[in-house]
Amino acid sequence: MVRVAGFGEFVSVLTRASNDRQVVRALADRWWDTTNSFHFSFGEMMVTPLDFAAITDLRVEGDPIPYDATAGRDPKLQRRLLGYKLRAKKGDTPYPQLLEFWTEPLESRVQEEQMARCFLVYVLGVSLFPNRRNRVHLSFLQALRNIEEIAHFDWGGTALGACYAFMGSLSQEAGKSLGGYWRLWTYEVLVMYPPMTSCPNDTILPRALHWSKEYRGVKKGKGDLNAYRAVHWHIWDRFEVPYVAQSRVVARGRVLLESPYDWEWYLGDRVSHQLLRLDVFRVLGPLPPFIQRTSEYTLEEVERFTQPDLQLEPLFQAGTDYAEYQAQYMMQGFKIRAAWEAQGGRGGRRGRRGRR
């Protein structure tokens, strides 16, 4: 039933996707939450819908998830969908509780579906929407009502938006949860001292399987977190399976993602060199004001922005030198922070969103 729900491949990569806190914090130091992108010395990059799909098998597509903040306080709904009333507090419940009930043999189709839902809530909590309290919120329980329809929802977009939200909080030192699949992205795309791997299939998908514990060996470096010079700009070109091809189309646009925490923008125009096979980075015009007012969107705007906008060409500025643009707009924040920290400043870049 987990496979029917669309999570079969994703579940197979769960044990391969742990994060390296040191690596993630190094990435957070280069994160700009206004654009949800990394500002490296050579230009901007980000985890794109294409990257996320190739690594996890979750795609940015589908219907909006019907969140229900009252599900954690509705014992009748919990009994009907999960088979038990959970010990929920403030709408969330401990991870282990979701698995401890189903220890006896299943006697009906109804019980099979209830156990599958418990397992899926557990999976969503420990992998896509984790927190340091080891609890999972039940607001997306309504999306699990019909097992056959679960795969129709945009779990990939929700999970990618959550990755951006986690990295934004971490970069501002406002949160400690890592979330996401950052380490695997650094192995595949940044080539940031990846371990040796003996996986016999170099084109296996999802790519998290390539870094499975049974194949993974020692690292190729000694923790140099600046060792990302051999960037794989177009690593996914050799994978032409349908869902990778579709994710490539979405990644070449702009789209608003709904995470459980906030609305987050994916801005494909920021990483044109990464996605459009351009020989040079392209300079962008000013960031539109509507990008930064996500909490004020009307229903009409949400419906419009959550559809990928693939018309990126008008956003680029012709005849502008990228090195000058980079020095003037991209690196100033880090120079200011370095000087501030040299004087004993603490607390990260809190309040950074909206200043660019």
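Up top is the structure.
Counting restarts for each chain: residues are numbered from 1 in the order of the written sequence. With the structure being a predicted model, the display of local features is reserved for residues of pLDDT at least 70 and the display and counting of side-chain atom pairs for 80 or more, all residues being used for whole-chain, interface and lining totals. The basis for every side-chain value is the complete set of heavy atoms in the structure, and neither hydrogens nor water enter the calculation.

J.: Explain the pairing of strand β8 (residues 254-258) to me, and be specific about the residues and the numbers.
T.: Three labels apply to residues, based on accessible area from a 1.4 Å probe with only protein chains included: buried if under 20% of the type maximum, exposed if over 50%, partly exposed otherwise in between. Numbering of helices and strands runs from the N terminus; a helix is a DSSP stretch of H or I covering at least four residues, while a strand is a stretch of E covering at least two. Counting buried residues in β8 gives 4 out of 5 residues, a clear majority hidden from the surface. Whether two strands pair comes down to DSSP finding at least two bridges between them. In the sheet, β8 pairs with strand β9 (residues 263-267) via 5 bridges, with the strands oriented antiparallel. Residue pairing for β9: Arg-254 is matched across the bridge by Leu-267. Hairpin connection of β8 to β9: 4 residues between the antiparallel strands.

J.: Explain the sheet that holds strand β3 (residues 43-45) to me, and be specific about the residues and the numbers.
T.: One open sheet holds the 3 strands; their spatial order is β1-β2-β3, and the pairing between them is antiparallel. For this open sheet the edge positions go to β1 (31-32) and β3, each flanked by a neighbour on one side alone. As defined by bridge partners, strand β2 (residues 37-40) adjoins β3 across 3 bridges and the pair is classed as antiparallel. Its bridge partner being in β3, Phe-38 is matched across the sheet by Met-45.

J.: Tell me what's going on with the packing of helix α4 (residues 75-82) against helix α6 (residues 109-128), and back it up with residues and numbers.
T.: Look at α4 against α6: their axes get within 7 Å of each other, and the N-to-C directions meet at 110 degrees. Judged by the angle between their axes, α4 and α6 are roughly perpendicular. Where α4 approaches α6, its residues Arg-79, Arg-80, Leu-81 and Leu-82 are matched on the opposing element by Glu-113, Gln-114, Arg-117 and Cys-118. Note on residue categories: nonpolar means Ala, Val, Leu, Ile, Met, Phe, Trp, Tyr, Cys or Pro, charged means Asp, Glu, Lys or Arg, and polar means any other residue, Gly included. When its residues are assigned to classes, the contact of α4 with α6 shows 3 nonpolar, 1 polar and 4 charged. Angles here are taken between N-to-C directions and fall from 0 to 180 degrees, while the axes themselves are lines fitted to C-alpha atoms, restricted in helices to the stretch in contact. In these notes the angle categories are as follows: under 35 degrees is roughly parallel, over 145 is roughly antiparallel, 65 to 115 is roughly perpendicular, and the rest is oblique. Whether two residues are in contact is decided by their heavy atoms: any pair within 4.5 Å suffices.

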